[in-house]
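Each chain, written out:
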Amino acid sequence: MSSIVIISGSPTKPSRSEAIASYLKKYFESKQHQVETINVRDLPAEDLLHANFNSVDIKYRLSQIKQAQALIVVSPVYKASYTGILKSFLDLIPEKGLADKIVLPVATGGSFAHLLSLEYTFKPLFSILGSQQINSGVYLVDSQISYQHLELTFLDDEIKRRVDTALQQLSNQLIENESGRKQF
Ligand SMILES: Cc1cc2nc3c(=O)[nH]c(=O)nc-3n(C[C@H](O)[C@H](O)[C@H](O)COP(=O)(O)O)c2cc1C
């Protein structure tokens, strides 16, 4: 069984990113993958602020990432990029810490103006962390979704289709990789 870590990068509560993360978790659990979710806003703020590599909480979260085969990062776009709090956590991942992982970036934005932030901010970050398999990301505009607590509703069939296609692709990759591992 492959394991997936979902990082939700919004500092706010409630949050679209968190509702999307919950949708993704349910999807992958229904496909028999093991899923852990990290809400960056729930991590100790002092540890993030001071880049405390010795923090017990941070070390535990990093060990979950280390064990995972895939990482999904869901973040709002803030000022044309990912959020600062997300970056403060990702800064604590060791050099090339995503080398053996598939990464799926998912961004939400107030408009389509920063659609390309997936390409010019999210992807270079995962690349520098060593990931050699960064899937095509998904960008959701606020008007395409609504949420109540953790329950996500798609207001647009096309965006649901794009999200589900990205999830299906990742699930297939993980199943393929796992069957490859079992043969050796
Ligand atoms: C401080 C701040 C900066 C933002 N900057 C942008 C931006 O540059 N481009 C954009 O499309 N949306 C921007 N937004 C809108 C959010 O990305 C959008 O509402 C997102 O879905 C919020 O996700 P969340 O509910 O998970 O926090 C910004 C919102 C905030 C609060």
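Reference entry: report on the structure contained in this document. From a predicted model like this one, the values you see are computed outputs, not experimental measurements.

## Some words on the nonpolar core
Counting residues in hydrophobic clusters, the biggest one holds 29 residues, and the most contacted among them are Ile7, Ile65, Leu71, Phe89, Leu90 and Leu98. Of all the secondary structure elements, the ones that give two or more residues to this core are β1 (3–8), α3 (56–67), β3 (70–76), α4 (84–90), β4 (102–109), α5 (117–128) and β6 (138–141). Of the residues forming this core, the biggest block, four residues, is contributed by α5. Each residue touching Phe89, except ones within four places of it in the same chain, is listed here: Ile7, Ile38, Val40, Leu43, Leu48, Ile58, Arg61, Leu62 and Ile65.

## Considering the pattern of salt bridges
On inspection of all chains with the given rule, the structure shows eleven salt bridges. Two residues, Arg41 and Glu18, come together in a salt bridge whose shortest N-O distance is 3.0 Å. Of this pair, Arg41 sits in the loop between β2 (34–39) and α2 (45–49) while Glu18 sits in helix α1 (residues 16–30), and the two are 23 residues apart along the sequence. The residues Arg41 and Glu18 share a single accessibility class, namely buried. A salt bridge links Asp42 to Arg41, with the nearest nitrogen and oxygen atoms 3.6 Å apart. Classification of Asp42 by relative accessible area gives exposed; the value is 53%.

Calculation notes
- Residues numbered from 1 in each chain as written.
- Predicted model: local features only at pLDDT ≥ 70, side-chain atom pairs only at ≥ 80, totals over all residues.
- Heavy atoms only, no water.
- Core = buried A, V, L, I, M, F, W, Y, C linked by side-chain atoms within 4.5 Å.
- Buried < 20%, exposed > 50% of the residue type's maximum accessible area, 1.4 Å probe, protein only.
- Helix = DSSP H or I, 4+ residues; strand = E, 2+ residues; numbered from the N terminus.
- Contact = heavy atoms within 4.5 Å.
- Salt bridge = Lys/Arg side-chain N within 4 Å of Asp/Glu carboxyl O.

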